[in-house]
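One letter stands for each residue in the lines below.
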Amino acid sequence: MNTTSLLTSAHPHVLDFVQLVLRVWIGGLLFAHGYAKMTKNGKIAGTAGWFASIGMKPGLLNAYAASLAEMSCGLLLIAGFLTTLASAGAIAVMLVALWTVHRKNGFFIFNANGGGVEFVATIAVASLVLGTIGAGSWSLDHRLNLLHWDLGRNLLVTSVVGVGAAVLQLLAFYRPAKQ
């Protein structure tokens with residue numbers, strides 16, 4: 001008997017609870033970041049200017065895309081609805097942020113150059129885990145009998161769609177200034 005079977009047979013709702021906690025935390029975090037892009041520090045126009053300054057052009061289109069992706073993926077994760085695809089969307093946004101902003105700053109978020117990759121990489125990894133293991137029984141996916149693939153297929157879809165979407169966005173819109 002594997003560890004998951006042992007855990008769920010002895011405590012049938014432990015895994016569901018942990019999946020719920022992870023979904024709500026990551027989903028809430030994503031939603032808050034997307035919402036902040038729309039409403040804080042110059043609102044969407046300020047975010048658009050910043051996106052253009054880091055090479056994501058046109059800035060307004062990419063600011064809306066990032067904001068709406070974070071908010072919608074966040075809400076989908078909280079609800080446990082289309083979890084594999086919502087996780088892939090979260091991975092895509094985090095990988096674009098990692099490549100365009102954070103990679104040049106090293107690993108740690110608190111280093112002197114500004115935020116390193118640790119935060120966005122952690123969100124991407126947590127999203128990969130959620131997309132792979134699924135939303136659990138306490139979710140709309142379970143209630144509506146959606147996306148009940150095996151773990152291997154979940155991992156494949158989450159990673160390929162997430163990485164693929166990030167690469168496509170970078171190829172289409174990333175135009176950093178020549179140095």
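Residues numbered from 1 in each chain as written. Predicted model: local features only at pLDDT ≥ 70, side-chain atom pairs only at ≥ 80, totals over all residues. Heavy atoms only, no water.

On to the overall build of the chain, then. Counting its secondary structure elements, the chain contains eight helices and zero strands. Written out in order from the N terminus, the α and β elements of the chain read α-α-α-α-α-α-α-α. The C-alpha atoms of the chain give 17 Å as radius of gyration, which agrees with the globular expectation for 179 residues (16 Å, within 12%). Summed over its atoms, the accessible surface of the chain is roughly 9,900 Å², and 71% of this surface lies on carbon and sulfur atoms. (Helix = DSSP H or I, 4+ residues; strand = E, 2+ residues; numbered from the N terminus. Rg over C-alpha atoms; globule rule 2.2 N^0.38 Å. Areas by Shrake-Rupley, 256 points an atom, 1.4 Å probe, with all protein chains shown as cover.)

Across the junction of Lys57 and Pro58, the peptide omega takes the value 0°, indicating a cis bond. Here Pro58 is to be found in the loop between helix H3 (43–53) and helix H4 (59–79). We note that Lys43 has phi near 55°; this positive angle belongs to a residue other than glycine. Tracing the backbone through its elements, the reader meets Lys43 in helix H3. Positioned with a positive phi, Leu82 is a non-glycine residue whose angle comes to about 55°. Among the structural elements, Leu82 can be located in the loop between H4 and helix H5 (83–102).

What follows is about the confidence of the model for the chain. Averaged over all residues, the pLDDT of the chain equals 92, while 94% of them reach at least 70. Looking over the chain, one finds the lowest element-wise mean pLDDT in helix H1 (residues 3–10), namely 59, and the highest in H4, namely 98. (pLDDT = per-residue confidence, 0-100.)

This next bit is on the environment of His148. Position of His148 among the secondary structure elements: in the loop between helix H7 (140–143) and helix H8 (151–173). Along the chain, His148 and Gly134 lie 14 residues apart, while their C-alpha atoms are 7.9 Å from each other. Non-local contacts of His148, meaning those with residues more than four positions away in its chain, are made with Asp141 and His142. (Contact = heavy atoms within 4.5 Å.)

A few words now on the packing of H3 against H4. Across the interface, H3 lies against H4 with an axial gap of 7 Å and an inter-helix angle of 110°. Viewed along their axes, H3 and H4 adopt a mutual orientation that is roughly perpendicular. By crossing handedness, the relation of H3 to H4 is classed as right-handed. Counted together, Ile44, Thr47, Ala48, Phe51 and Ala52 of H3 and Gly59, Leu60, Asn62, Ala63, Tyr64, Ala66 and Ser67 of H4 form the full contact between these two elements. By residue class, the composition of the contact of H3 with H4 is eight nonpolar, four polar and no charged. (Axes fitted to C-alpha atoms, helices over the stretch in contact; angles between N-to-C directions. Parallel < 35°, antiparallel > 145°, perpendicular 65-115°, else oblique. Left-handed = near helix turned anticlockwise from the far one by under 90°. Nonpolar A, V, L, I, M, F, W, Y, C, P; charged D, E, K, R; others polar.)

On to the environment of Thr84, then. Summarising the element assignment, Thr84 is placed in helix H5. Thr84 sits 45 residues away from Thr39 along the chain, and the two C-alpha atoms are 28 Å apart. Filtering out sequence-adjacent residues up to four positions away, Thr84 remains in contact with Gly131, Leu147, Trp149, Asn154, Val157 and Thr158. At 3.4 Å, the side chain of Thr84 and the backbone oxygen of Gly131 are in polar contact. (Polar contact = N/O pair within 3.5 Å; in protein donor to acceptor, adjacent residues only side chain to side chain.)

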